[in-house]
Amino acid sequence: MFADNPLLAQLKQQIKDTIPTKEGTIKATDKKFGFLEVDNKTSYFIPPPQMKKCMHGDRVVALIRSENDKEFAEPDQLVEQGVTRFIGRIKLFKGRLNVVPDQPQLRNLSLKAKTAKGLKHDMFAEGDWVVAQVIQHPLKGDNGFMVEITEKITDANDKIAPWWVTLAENDLPNTEPMGIEEWQLHDDADLVREDLTHIPFVTIDGESTKDMDDALYAHQKDNGDFTLTIAIADPTAYITPDDDMDKVARQRGFTIYLPGRNIPMLPRDLADNLCSLIQDELRPALCCTVTVAQDGTIQDDIRFFAANIRSHARLAYTSVSDYLDNNSDEAWAKDAAIAGVVTDLAQMAKARNTWRQTNAVIFPDRPDYRFELSEDNDVIAIHADYRRSANKLVEEAMITANICAGRVLSDTLGMGMFNTHSGLKEDKINNVIDLVTEYGAQGFSADSVVSLEGFSALRRWLGSQETQYLDNRIRKHQAYGEMGNTPAPHFAMGLDIYATWTSPIRKYSDMINHRLLKAIILNKAPVQTPDDELGDELALHRKHHRMAERKVSDWLYARTLHQDVQAESTFKGEIFDIGRSGMRVRLLENGAAAFIPNSLIMDNKERIESNADQGTVSIDNEVIYKLSDVLEVVLTEVNIDKRNIVAKPVEVFSDQPTHQA
């Protein structure tokens, strides 16, 4: 009889209006309670019963109540929903569908579910992977949470689940685009393709690469300078800006590279066949020729042109490196013309690398970790592939080509798709100067490091240090790389301009630059110009692709290394991140990331301190670990469901008080 009493409701509202409120973000824990994070310093405890009204990430207004002199938060109004679409697993409760989200902060939730139109209850079994949408929320006045299952990803025990689930989580395609029955060349009527079939171009790629998009030729002249010609596959000869395939390529942005498989940006019959620079096959290409002086400087005689080419040799990184590094007797080297091209390419690359070491920025050598999978998608081995001479040869040729494109696009059109980097974050510059000065650097100032020359000099100084401790600390103060249609420097590479065009099979931005370069060749207005939104779109695609690659890798690492816990295997790990609760190490043998909590370094939390700003871990105010240190670790826990790895140092610290002499 009191339920609909307006006077009672008014009284309740008046009482409620006297209770203080705070707006903040919900932070869930795996123990069913949570916290209302108001700002970096203020948070309020949320008891388990009140957590049933909200999810991790929700932005809410909460009532701040007091009980026994302790304050706690009661979520009251939803400001912004933290989770709408999510990936989860089916949980059957008395035959009814529930979904458990596959997110660390939400895994203790089992949400009632119904199926979307076209899906049936009997399609789903315990543990199946699904996509779900939150359609009811308690703070919206609904009676509890309710989700709608919109898609089944795969069965519970599917060994391909790491790939399918991760792609679905990042809303990425899991198949190649649909091709067409017959591809036609759509060259501009005025575009004349030069016949370069007599030039002994070579391709240098991985053993299994099918989408070969670059072929190289170099010749060292009598004066010591090099003529370098780069021929790049030309998908824009087949795809116009008005084609549906162009829209598909833009939506995808890039070829997706995941451990053990890739999902191409373009149909495979185009990427792996018609456009791929297959040995002895006639192919349309966009080319650039330029002189590289013997001191490594790029001369001003850059020329872009269209051509028809034939690759004269399909070479592999390993074979070329063996020939260059060990003078091994490779079968292809019996062809004097091919051997001469490879030798001249290597000499050109050496000159360019020397120039970049002196004038630009060279990234430190680190291995690429590669999963070898069985036909049944089990991990057979994890290989650490180090960059050898052939890899560096191709890298220097591609960097040179992209510098040339950047110059021509900037000088001729004043636009293109440019890869840019602005150096240090503006609010961190003084911190960086103070830090490097503390460690003995001279000649750097806030004014100097905002210039390309000054920033490059700083990066070179950091690279000359005995360890990468300072480098790791300062990288956190650097801006992120961007893509945009306005010419700007790339500070991280130490280059005044950089525009990629060397992977149009794999990157939509490179297709754009191809069309712009063709406009320059034809001296016509471009058929397509990059809009202001494209750079942000592509940056978002790239972010999701990298997240997907990392998540699949984490899943495979957990599958592979869980047996090493019982075996008590030891690994060497390099510290790459330090936070308040511990540090993260990269296992040098296989590339896996493991977390070392402070409690596994020393269980007395009063004596140990992790300082994220300093990048150090200290016991009794004495630094025992810092960023870039390498230590021996043993794995203590590998959780396949959560895809995380926990380790501890082989040498642990005893909780015995230190004695002063």
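As a reminder, the structure under discussion sits directly above these lines.
Residues numbered from 1 in each chain as written. Predicted model: local features only at pLDDT ≥ 70, side-chain atom pairs only at ≥ 80, totals over all residues. Heavy atoms only, no water.

A. Focus on the overall build of the protein. What the protein contains, in helices and strands, is 14 helices and 30 strands. Computed over C-alpha atoms, the radius of gyration of the protein comes to 29 Å, within 12% of the 26 Å expected from 2.2 N^0.38 for 661 residues, which places it in the range of a compact globule. Dimensions along the principal axes, computed over C-alpha positions, put the protein at roughly 95 × 75 × 50 Å. Going through the 661 residues of the protein one by one, you find that 48% of them count as buried. Contacts spanning at least 24 positions in sequence make up 66% of the contacts within the protein whose residues lie at least 6 apart. When the accessible surface of the protein is summed, it comes to about 33,400 Å², and 46% of that surface belongs to carbon and sulfur atoms. (Helix = DSSP H or I, 4+ residues; strand = E, 2+ residues; numbered from the N terminus. Rg over C-alpha atoms; globule rule 2.2 N^0.38 Å. Buried < 20%, exposed > 50% of the residue type's maximum accessible area, 1.4 Å probe, protein only. Contact = heavy atoms within 4.5 Å. Areas by Shrake-Rupley, 256 points an atom, 1.4 Å probe, with all protein chains shown as cover.)

B. Region of the structure containing the packing of helix 8 (residues 389–412) against helix 12 (residues 508–522). Where helix 8 meets helix 12, the closest approach of the two axes is 11 Å, and the angle between their N-to-C directions is 60°. Taken together, the axes of helix 8 and helix 12 lie oblique to each other. Crossing handedness for the pair helix 8 and helix 12: left-handed. Contacts from Ala-405, Val-408, Leu-409 and Thr-412 of helix 8 reach helix 12 at Asn-513, Leu-516, Leu-517 and Ile-520. Classifying every residue of the contact of helix 8 with helix 12 by side-chain character gives six nonpolar, two polar and no charged. (Axes fitted to C-alpha atoms, helices over the stretch in contact; angles between N-to-C directions. Parallel < 35°, antiparallel > 145°, perpendicular 65-115°, else oblique. Left-handed = near helix turned anticlockwise from the far one by under 90°. Nonpolar A, V, L, I, M, F, W, Y, C, P; charged D, E, K, R; others polar.)

C. The arrangement of helix 10 (residues 452–463) in detail. Under the 1.5 Å per step criterion, the end-to-end length of helix 10 is 16 Å for 12 residues, consistent within 8% with the ideal 16 Å. Here helix 10 has its buried residues at Leu-452, Gly-454, Phe-455, Ser-456, Leu-458, Arg-459, Trp-461 and Leu-462. Against helix 7 (336–359), helix 9 (429–438) and helix 11 (469–475) lie the buried residues of helix 10. (Expected span 1.5 Å × (residues − 1).)

D. Examining the pairing of strand 4 (residues 59–67) more closely. In this structure, strand 1 (residues 21–28) lies alongside strand 4, joined through five bridges in antiparallel fashion. Counted as the bridge partner of Gly-24 is Val-60 from strand 4. Pairing of strand 4 with strand 5 (residues 70–80) involves nine bridges; the strand directions are antiparallel. Residue pairing across strands places Arg-65 opposite Phe-72, the latter belonging to strand 5. What sits between the antiparallel neighbours strand 4 and strand 5 is a turn of two residues, in which Asn-68 has the positive phi angle 55°. (Pairing = 2+ DSSP bridges.)

E. Region of interest: the nonpolar core. Of all hydrophobic cores here, the largest spans 85 residues; its most connected members are Phe-304, Ile-309, Leu-315, Leu-345 and Trp-501. Top element by residues in this core is helix 8. It accounts for 12 residues. Excluding its chain neighbours within four sequence positions, the residues that come into contact with Ile-309 are Leu-196, Thr-197, Phe-201, Ala-215, Ala-231, Leu-277, Glu-281, Leu-282, Arg-283, Ala-285 and Cys-287. In this structure, Ile-429, Leu-452, Tyr-469 and Tyr-625 belong to the second largest nonpolar core, which totals 55 residues. (Core = buried A, V, L, I, M, F, W, Y, C linked by side-chain atoms within 4.5 Å.)

By themselves these figures say nothing about function.
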